[in-house]
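Given next are the chains, with one letter for each unit.
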Amino acid sequence: MAVLDSKIPAGNLRDKWTNHKFNMKLVNPANKRKYDIIVVGTGLAGASAAASLGELGYNVSAFTFHDSARRAHSISAQGGINASKNYQNDGDSVYRLFYDTVKGGDFRAREANVHRLAEVSDNIIDQCVAQGVPFAREYGGLLDNRSFGGAQVSRTFYARGQTGQQLLLGAVSALNRQVGLGKVKLYTRREMLSLVLVDGVAKGILVRNLVTGEVEKHSAHAVILATGGYANVFFLSTNAMNSNATAIWRAHKKGAMFANPCFTQIHPTCLPVHGESQSKLTLMSESLRNDGRVWVSKKKNDMRAPGQIPEDERDYYLERKYPSFGNLSPRDISSRSAKEVCDEGRGVMGGDAVYLDFEDSINRLGKKAIEEKYGNLFEIYETITGENPYNVPMKIYPAPHYTMGGLWVDYNLMSNVPGLFILGEANFSDHGANRLGASALMQGLADGYFVIPYTVGDYLASQKPTLVKTDHPEFVKAESELNEQVKKLLSIKGKRTVDDFHKTLGRIMWNKVGMARNDKGLKEAIEEIRALRSEYWKDVNVVGSNGDFNQTLERAGRVADYLELGELMALDALTRNESCGGHFREEFQTEDGEAKRDDQNYTFVSAWEFINPGEWNLHKENLEYESVKLSQRSYK
Amino acid sequence: MSGKNINVSLKIWRQDGPKTVGSFAEYKISISPDASFLEMLDEINNDLESKNQIPIAFESDCREGICGTCGLVINGQPHGPIPKIATCQLHMRNFKDGDPIWIEPFRAKAFPIIKDLVVDRSGFDEILQTGGYISINTGGVPDANAIPISKDIASLAMDAAACIGCGACVAACKNASAMLFVSAKVSQYALLPQGQPERSQRVQSMVAKMDELGFGSCTNTYACEAECPKGISVTNIARMNRDYIKASVTSNSVE
Ligand SMILES: Cc1cc2nc3c(=O)[nH]c(=O)nc-3n(C[C@H](O)[C@H](O)[C@H](O)COP(=O)(O)OP(=O)(O)OC[C@H]3O[C@@H](n4cnc5c(N)ncnc54)[C@H](O)[C@@H]3O)c2cc1C
Ligand code: SF4
Ligand code: FES
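Since the structure is predicted, the reported quantities are computational estimates derived from the model, not experimental observations. (Residues numbered from 1 in each chain as written. Chains lettered and ligands numbered in written order. Predicted model: local features only at pLDDT ≥ 70, side-chain atom pairs only at ≥ 80, totals over all residues. Heavy atoms only, no water.)

Colleague: So what's going on with the overall build of chain B? Residues and values would help.
Modeller: Within chain B, the regular secondary structure consists of eight helices and seven strands. With the C-alpha coordinates aligned to their principal axes, the bounding extent of chain B is approximately 60 × 40 × 35 Å. A separation threshold of at least 6 residues defines the contact pool for chain B, and within that pool the share at least 24 residues apart is 70%. When the accessible surface of chain B is split by element, carbon and sulfur atoms take 52% of a total near 10300 Å². Charged side chains of chain B number 24 positive and 28 negative; the gap between the two group centres comes to 4 Å. (Helix = DSSP H or I, 4+ residues; strand = E, 2+ residues; numbered from the N terminus. Contact = heavy atoms within 4.5 Å. Areas by Shrake-Rupley, 256 points an atom, 1.4 Å probe, with all protein chains shown as cover. Lys, Arg positive; Asp, Glu negative; His and termini not counted. Charge placed at Lys NZ, Arg CZ, Asp CG, Glu CD.)

So this is what it looks like as structure tokens:
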């Protein structure tokens, strides 16, 4: 058997999922309660999975390091969720959503997965409405839609600027119902720190109780990770402070392959950095680009206030370069263009920021209409910057936001480790080299509500109901390894703080593995990260003890993992000698500065197998395009 | 942006664990007015760690006012002096050079302290687990546009659903009542057609759980609304009370 078998069902693209659902084995209703499933993460993907599996009758244990399921990072998604409902009669369809997603991903995603995603997108909206999610509506009482970064149809459903919050609260309400019914046991303030394999099959996890410091052992018939993305490797990103890669990284070190780690998304509309004490970056939803116009001065180092720069001295560079998509050009293109004009010295006051201006829309639609659409985003902006965007254009700059890469999964969302399933942002599956706006929420809920309930059943149907005991030697071994690592971290007692190391790593990543990459920079990055990693294990200072609520220790483990992951991201970027989506290699661009793919040699998924820290084997899953014709992505 | 640094002196509540006695400790810092309040605490912590001292435990996650993780009482006010924002959205430009700043955890019987400024708010989830949902399973639901809902009603439901579960309402209330939080969830569902089938049962079980967990009763002082970062309105409490009374009168499942 090939190492990587994507298990894409045979047959016509349109029928694959339907046929596969029919062909999968079922667990008889009376037997479901004999199977235990661990779900790590209670974001959109984890909460929807845990709830749906509990409803089916499995015994589910759900884990989150947060104090409540509702705090998962999904809560902060603002803009919206896509579905192919075609309620607006503007020509949308399952096929169009599929096609847009494959194209948006710059032809580096699996066709079959993406088509399934588009197929179930409509069910997601139905489900959420039935749960009481208060989506925005029109006067006639039907659901409202808007168009969102990179789409020419209005297929995005939204709940003010708080779509992620409302979808998550919906999924968490379903989860809470199962907790109340006793079908899901919810463990909060628990951080998964090890995956336990027995004979190469995922059989459990170890978690640290973040209040007492105790290590707790949990065994199950299947383990599902829905632990989110790894953009915080950059230190500054739009992700929540505590989002981290530890769960997937520790699984990677136990054998799960990491796919396309270099595919990271830099979001074009974030607030610029204010100074050294900056702890994270704030996203301004890109729905703002529907009505805001992006511009900078035509002159370098123009120190005039925006109002003083006359119309003909402004460069609306997105509208100029990409007339048909303009301000709605995809994220990678918009981000890179912003960096370009700022590198030329044409950013706001010569610095790293561009304007996002609502003056025209306010004149055209009235202040009230703008307030209705974006009121709370404008408020957020004003609270943070002290400036009122109704009067002065917003200042924005790109920031790390989303990670398309993640653990490799087959069509069933199972990793190469049997029994280990990966959902949501934590897997690599659907977005190729670039994710379209409003598609992550869709994918998280598709995975959790409509894919995993089927595919996990197919897996469990062939498993015996006997449960591995938590005193099994593999559990004991994992526990002592974990205790060893914690002891080591606490015993170094060096001179630099954990955050200091994280910030240093973040700077290397942003400068050399960020928006634009090149051979030389990537090689330097690898050397610098290695040096930093060895310094970490000699000179980090982790204060406090293990048997206690210790946030420094929590962060120390996560940063230790980033120091390995960062290197793999650089290595992957170095190995992919082409530009595609969020991965822009300066050596590979067209004459007018667009990303130049190399379909001949790079139409594959890179899946990295861990050997030792700093040592990996590359496996390739070739991507077959049967339905979509590979073409140069053009948004001109 | 970016003005001159300001100097502030802080009195911060330190408490090792739930059962130990806490007290205020003093710290001083010079900080950019563009820094957020929590970034100011990050700086203090980084400094403490470099001096081998235990940093101040406090929680935050999104730092955008949406996850509800953060929550400090600043100079006597939950989430600080500026209305309608969460602690993480407060910026140092709202303080003047030399200002004294007192920082305490959210205090309530139902929110025991874990460490320093971190409290246990799991009671909120326990309430939601007894009825804060619509009892449907995944799949088999009607088309999303099958039931039209007027824009105004959807908007009112959204107002209520905007609660971030931070607990400031409880911390602000002299009775440590959770009425604003509970009524927001009850109202969201009471307003929507999808919430009707379980309307009476829901309000009764959630209120019963709230009482059981030791949250106080509501005496209509409205301190909750004043401190709520999301502007959740006390009209939700009135709506819940009406539902509760109606449910007690008409339902035969509960005495
Ligand atoms: C600011 C912002 C705005 C966004 N807006 C949009 C948008 O408008 N539309 C869109 O489609 N997408 C948007 N996205 C992307 C989208 O929100 C995320 O990709 C998606 O919510 C991820 O969901 P998830 O369930 O995979 O993970 P998360 O929501 O990140 O959840 C991860 C869960 O795993 C838990 N966890 C992680 N590690 C461990 C561990 N070791 N042990 C125990 N528990 C663990 C966490 O506690 C949490 O419960 C946005 C992202 C950001 C940052
Ligand atoms: S009602 Fe307001 S104060 Fe209370 S938990 Fe909700 S958001 Fe916080
Ligand atoms: S940290 Fe999320 S609301 Fe403050």
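This is not the end of the story, as more comes after the structure.
Colleague: With reference to specific residues and values, describe the site of ligand 2.
Modeller: All names here are of chain B. Taken together, the neighbourhood of ligand 2 is formed by 13 residues, with C163, C166, G167, C169 and C228 sitting nearest. Among the secondary structure elements, those contributing two or more residues to the shell around ligand 2 are α4 (168-172) and α5 (179-191). The residue inventory of the shell around ligand 2, partitioned by class, reads eleven nonpolar, two polar and no charged. (Near = heavy atom within 4 Å. Nonpolar A, V, L, I, M, F, W, Y, C, P; charged D, E, K, R; others polar.)

Colleague: Pulling in residues and values, what's your account of the environment of E425 of chain A?
Modeller: Of note, E425 of chain A is situated in the loop between β17 (420-422) and α11 (440-460). Considered as a pair, E425 of chain A and L44 of chain A are 381 residues apart in the sequence and their alpha carbons are 9.7 Å apart.

Colleague: A description of the side chain of D122 of chain A should follow, citing residues and the corresponding values.
Modeller: All names here are of chain A. Among the secondary structure elements, D122 is positioned in helix α4 (residues 111-130). Buried charge without a partner: D122 forms no salt bridge, and the closest opposite charge is K85, 5.1 Å away. With residues up to four places along the chain from it excluded, the contact list for D122 reads A83, S84 and K85. (Buried < 20%, exposed > 50% of the residue type's maximum accessible area, 1.4 Å probe, protein only. Salt bridge = Lys/Arg side-chain N within 4 Å of Asp/Glu carboxyl O.)

Colleague: Help me get a handle on the domain arrangement of chain A, residues and values and all.
Modeller: Residues and elements named next belong to chain A. By domain assignment, chain A separates into domain 1 (268-400) and domain 2 (473-622). On the side of domain 2, nine residues touch domain 1, which itself brings ten residues to the contact. Between domain 1 and domain 2, roughly 820 Å² of surface is buried when both sides are summed, and carbon and sulfur atoms account for 57% of that area. Contact with domain 2 buries area across many residues of domain 1, yet E276, R336 and K339 alone supply 51% of it, more than any other trio. Between the two partners, domain 1 and domain 2, sit one salt bridge. A salt bridge links E276 to R507; the shortest N-O distance between them is 4.0 Å. (Domains from an automatic or database assignment. Buried area = accessible area lost by both parts, 1.4 Å probe.)

Colleague: Lay out the packing of α5 of chain B against helix α6 (residues 199-212) of chain B in plain terms, naming residues and giving numbers.
Modeller: Residues and elements named next belong to chain B. Between α5 and α6, whose axes approach to 10 Å, the crossing angle comes to 170°. Compared by their axis directions, α5 and α6 come out roughly antiparallel. Contacts between α5 and α6 involve M179, V182, K185, V186, Y189 and A190 from the former and R199, R202, V203, M206 and M210 from the latter. Considered class by class, the residues forming the contact of α5 with α6 number eight nonpolar, no polar and three charged. (Axes fitted to C-alpha atoms, helices over the stretch in contact; angles between N-to-C directions. Parallel < 35°, antiparallel > 145°, perpendicular 65-115°, else oblique.)

Colleague: Summarise the site of ligand 1; cite the residues concerned and give the values.
Modeller: Residue and element names in this part refer to chain A. Taken together, 37 residues are adjacent to ligand 1, and H66, S74, M192, E425 and L441 come closest. Side-chain polar atom of T64 to an oxygen atom of ligand 1: 2.8 Å apart, as the coordinates give it. H66 is positioned with one of its side-chain polar atoms (N or O) 2.7 Å from an oxygen atom of ligand 1. Calculation on ligand 1 without its partners gives an accessible area of 1000 Å², and the protein chains cover 98% of this total. Broken down by element, the residue count for the shell around ligand 1 peaks at three residues, all from strand β6 (residues 190-198). For the shell around ligand 1, a count of residues per class yields 15 nonpolar, 18 polar and four charged. (Polar contact = N/O pair within 3.5 Å; in protein donor to acceptor, adjacent residues only side chain to side chain.)

Colleague: Go over the interface of chain B and chain A, please, and point to the residues and values.
Modeller: Contact residues are listed per partner, giving 71 residues for chain B and 75 residues for chain A. When the two sides are added together, the surface that chain B and chain A hide from each other amounts to roughly 6300 Å², 49% of it contributed by carbon and sulfur. The tally of links between chain B and chain A comes to eight salt bridges. The tally of links from chain B across to chain A stands at 47 residue pairs in polar contact (both at pLDDT 80 or more). Secondary structure elements with two or more residues in the side of chain B that touches chain A: α1 (37-50), β6 (113-115), β7 (118-119), α2 (122-129), α3 (151-161) and α5 of chain B. Its residues assigned to classes, the side of chain B that touches chain A comprises 34 nonpolar, 21 polar and 16 charged.

Colleague: Which residues make up helix α12 (residues 473-492) of chain A, and what values do they have?
Modeller: All names here are of chain A. Under the 1.5 Å per step criterion, the end-to-end length of α12 is 29 Å for 20 residues, consistent within 8% with the ideal 28 Å. Considered for burial, the residues of α12 that qualify are F475, A478, L482, V486, L489, L490 and I492. In this structure, the buried side of α12 is in contact with β6, β7 (201-209), β8 (215-219), α6 (246-253), α14 (519-539) and α15 (551-575). With its phi angle positive at about 45°, K493 sits one or two positions after the end of α12. (Expected span 1.5 Å × (residues − 1).)

Colleague: I'd like a description of the environment of G494 of chain A, backed by residues and values.
Modeller: All names here are of chain A. With respect to the secondary-structure elements, G494 resides in the loop between α12 and α13 (498-512). The class of G494 is buried, set by a relative accessible area of 14%. Each C-alpha atom, one on G494 and one on G557, is 15 Å from the other, the two residues being 63 residues apart in sequence.

Colleague: Could you give an account of helix α8 (residues 331-343) of chain A, with specific residues and numbers?
Modeller: All names here are of chain A. With 13 residues, α8 should cover 18 Å at 1.5 Å per step; its first-to-last C-alpha distance of 18 Å lies within 8% of that length. Of all 13 residues in α8, ten are buried; the element is thus mostly enclosed. Along α8, the residues classified as buried are R331, D332, I333, S334, S335, R336, S337, A338, V341 and C342. Buried residues in α8 make contact with β11 (264-270), β12 (293-297), α7 (317-321), β14 (354-357) and β15 (394-403).

Colleague: Explain the sheet that holds β6 of chain A to me, and be specific about the residues and the numbers.
Modeller: Residues and elements named next belong to chain A. The sheet built from three strands is open, its strands ordered β6-β7-β8 with antiparallel pairing. Two strands in the sheet have a free side with no partner beyond their single neighbour: β6 and β8. The average undirected angle you get between the axes of adjacent strands in this sheet is 25°. The pairing of β7 with β8 spans five bridges and is antiparallel. Following the sheet pairing, G204 is matched in β8 by S219. (Pairing = 2+ DSSP bridges.)

Colleague: Before we move on, can you summarise the packing of aromatic side chains with the specific residues and values?
Modeller: Describing an aromatic ring pair means giving the distance of the ring centres and the angle of the ring planes. All told, the structure shown has 29 aromatic pairs over all chains when counted by the stated rule. Their ring planes at 75° and their centres at 5.7 Å tell us that F421 of chain A and Y459 of chain A sit as a pair that is edge-to-face. Here F421 of chain A, found in strand β17, pairs with Y459 of chain A, found in helix α11; they are 38 residues apart in sequence, far enough to count as distant. Ring centres of F111 of chain B and F215 of chain B lie 5.8 Å apart, and the angle between their planes is 80°; on these two criteria the pair is classed as edge-to-face. Of the two residues, F111 of chain B sits in the loop between β5 (100-104) and β6 while F215 of chain B sits in the loop between α6 and α7 (223-227), which places them 104 residues apart along the sequence. Residue F111 of chain B shares its accessibility class with F215 of chain B, and that shared class is buried. Every member of this aromatic cluster is reached through a ring pair, and the members are Y230, W249, F258, F610 and W616 of chain A. Over the ring of Y402 of chain A we find R435 of chain A; its NZ or CZ atom is 4.1 Å from the centre of that ring. Over the aromatic face of F65 of chain A sits the side chain of R558 of chain A, whose NZ or CZ is 5.0 Å from the ring centroid. (Phe/Tyr/Trp six-rings, centres within 6.5 Å; stacked < 30°, edge-to-face > 60°. Lys NZ or Arg CZ within 6 Å of the ring centre and 35° of its normal.)

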